[in-house]
Amino acid sequence: MTAIDPTELTADREAKRQRLFSRINTADKWFQVLGLAWLTPLLKVAAGDNPRAQMKDLWRLAAVPLLAILAFLVMWGTLAPKVQTSLGAVPGPAQVWEEVINLHEDAKAKAAKEAKFDQMVEKRNQKLIDAGRADEVKNVAYTGAPSYYTQIWTSIQTVFFGFLIATVIAVPLGIAAGLSPTANAALNPLIQIFKPVSPLAWLPIVTMIVSAVAAGNDGLFPKSFIISAITVTLCSLWPTLINTALGVASIDKDLVNVSKVLKMNTYTKITKLVLPSALPLIFTGLRLSLGVGWMVLIAAEMLAQNPGLGKFVWDEFQNGSSSSLARIMVAVFTIGIIGFLLDRVMYALQSLFTFSNNR
């Protein structure tokens, strides 16, 4: 029988250990993208890495944020009952959580009601078809009040629609401004004038123009949706435009000289040189634009009456019931959480397409 060399066994174990740590370090990059960086020290502790050092990281990444949240909840629960409004005391964490459950149950009930309505319409249409009256078949849309989840989805669709339009406008203009001093001189005054304009100022103008162009409400998108999306576009395109221009203008001059030596045409220069070099700053602009768009959207939906989270907040404010304030606070937390998730999505895309360490 061949004896096992203890030195080889130790070396094999160390190699496996190093491979494991390498995988953990690779996973850590994605944990940071997802906001789950506290998982890395846990995995390292389980893998046998310096427990004391990892516990310090775990304390900083997990325990401290949790304690801060707990302190916030305690302070909120203590001070809220002492503040009286026209609708009663400011709701504490327990009352807000109760409204979360109520909104969830309400959403389930509305979904069941809509499903029942769709079944009735389908059953009626099938009877008409069986009776040879297929020409009388109609697809009747459900007109009941939207659920809370439906309103969330409407807001997400609206912000992405406006953000997409802003990106399509801002990136080409930013590239032009970064490559051409003349284009930059032409665009800079417009950027400085329109960048600070509030969505509340844009909204009446957008509303009048959309109402004049689309007299009816029978187009592909409702007018309220278009008004909200265009307002988001007008307020969110500036960070992307500015960061794209800055990224393009800061490209290494040696690379620009190489493109001249190779006699690259404009399209090749932009796709092979400009965009790859400027992508980190472009994505930074996109993240900022999406954040601005999400904040702008709520105000736009309030005034345009687009059936999203903004309209939900406005309707609850107008409702004035005993649960309205708690429901508005549920919407506030929903808006904040979705805003965080949208930023994480953009950061994940940035990590996939660039080598930037910006967060």
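These numbers come from a predicted model, not from an experiment.

A. Up close: the packing of helix α2 (residues 39-46) against helix α3 (residues 51-79). Where α2 meets α3, the axes come as close as 8 Å, and the angle between the chain directions of the two elements is 160°. As the angle between them shows, α2 and α3 are arranged roughly antiparallel. For α2 against α3, the interelement crossing comes out left-handed. Counting all contacts with α2, which are made through Pro 41, Leu 42, Lys 44 and Val 45, the residues of α3 involved are Pro 51, Gln 54, Asp 57, Leu 58 and Leu 61. Residues of the contact of α2 with α3, tallied by class, amount to six nonpolar, one polar and two charged.

B. A look at the packing of aromatic side chains. What the rule picks out here adds up to eight aromatic pairs. Aromatic side chains Phe 72 and Trp 76 sit 5.8 Å apart centroid to centroid with 40° between the ring planes, which places their arrangement in the tilted category. Linking Phe 72 with Trp 76, this pair stays in helix α3, spanning four residues, or about one helical turn. Judged by its relative accessible area of 44%, Phe 72 is partly exposed. For Trp 76, a relative accessible area of 12% puts it in the buried group.

C. Up close: the nonpolar core. Residues Tyr 148, Val 159, Trp 294, Leu 309 and Ile 338 are the most contacted members of the largest nonpolar core, which totals 38 residues. Here the element with the most residues in this core is helix α10 (residues 266-304); it accounts for ten residues. Apart from residues no more than four positions distant in its own chain, Trp 294 is found in contact with Ser 155, Ile 156, Val 159, Leu 309, Ile 335, Ile 338, Gly 339 and Leu 342. Within the second largest apolar cluster, nine residues are counted, among which are Leu 187, Leu 237, Trp 238 and Ala 245.

Reading the values: the criteria
- What you see as residue numbers is a count from 1 along each chain, following the sequence as written.
- Under the rules for a predicted model, residues below a pLDDT of 70 receive no local features and side-chain atom pairs below 80 are neither given nor counted, while totals for whole chains, interfaces and linings still include all residues.
- Where side-chain values are given, they derive from all heavy atoms of the structure, hydrogens and water being excluded.
- Convention adopted: a line fitted to C-alpha atoms gives each axis, helices being fitted over their contacting stretch, and angles between N-to-C directions are expressed from 0 to 180 degrees.
- Here a strand is any run of E in DSSP of at least two residues, a helix any run of H or I of at least four, and the numbering for each starts at the N terminus.
- For classification purposes, angles smaller than 35 degrees are called roughly parallel, those larger than 145 roughly antiparallel, those between 65 and 115 roughly perpendicular, and all remaining angles oblique.
- By convention, the crossing between two helices is left-handed when the near helix turns anticlockwise from the far helix through less than a right angle, and right-handed when the turn is clockwise.
- Only heavy atoms matter for contacts: two residues are in contact if any of them lie within 4.5 Å across the pair.
- Amino acids are sorted into nonpolar (Ala, Val, Leu, Ile, Met, Phe, Trp, Tyr, Cys and Pro), charged (Asp, Glu, Lys and Arg) and polar (every other residue, Gly among them).
- What counts as a ring pair is set by centres within 6.5 Å for rings of Phe, Tyr and Trp (its six-membered ring), and what kind of pair is set by the plane angle: stacked under 30 degrees, edge-to-face over 60, tilted for all other angles.
- Working definition: with a 1.4 Å probe on protein chains only, accessible area under 20% of the residue-type maximum means buried, over 50% means exposed, and in between means partly exposed.
- Only buried residues count toward a nonpolar core. Its members are Ala, Val, Leu, Ile, Met, Phe, Trp, Tyr and Cys residues joined through side-chain atoms within 4.5 Å.

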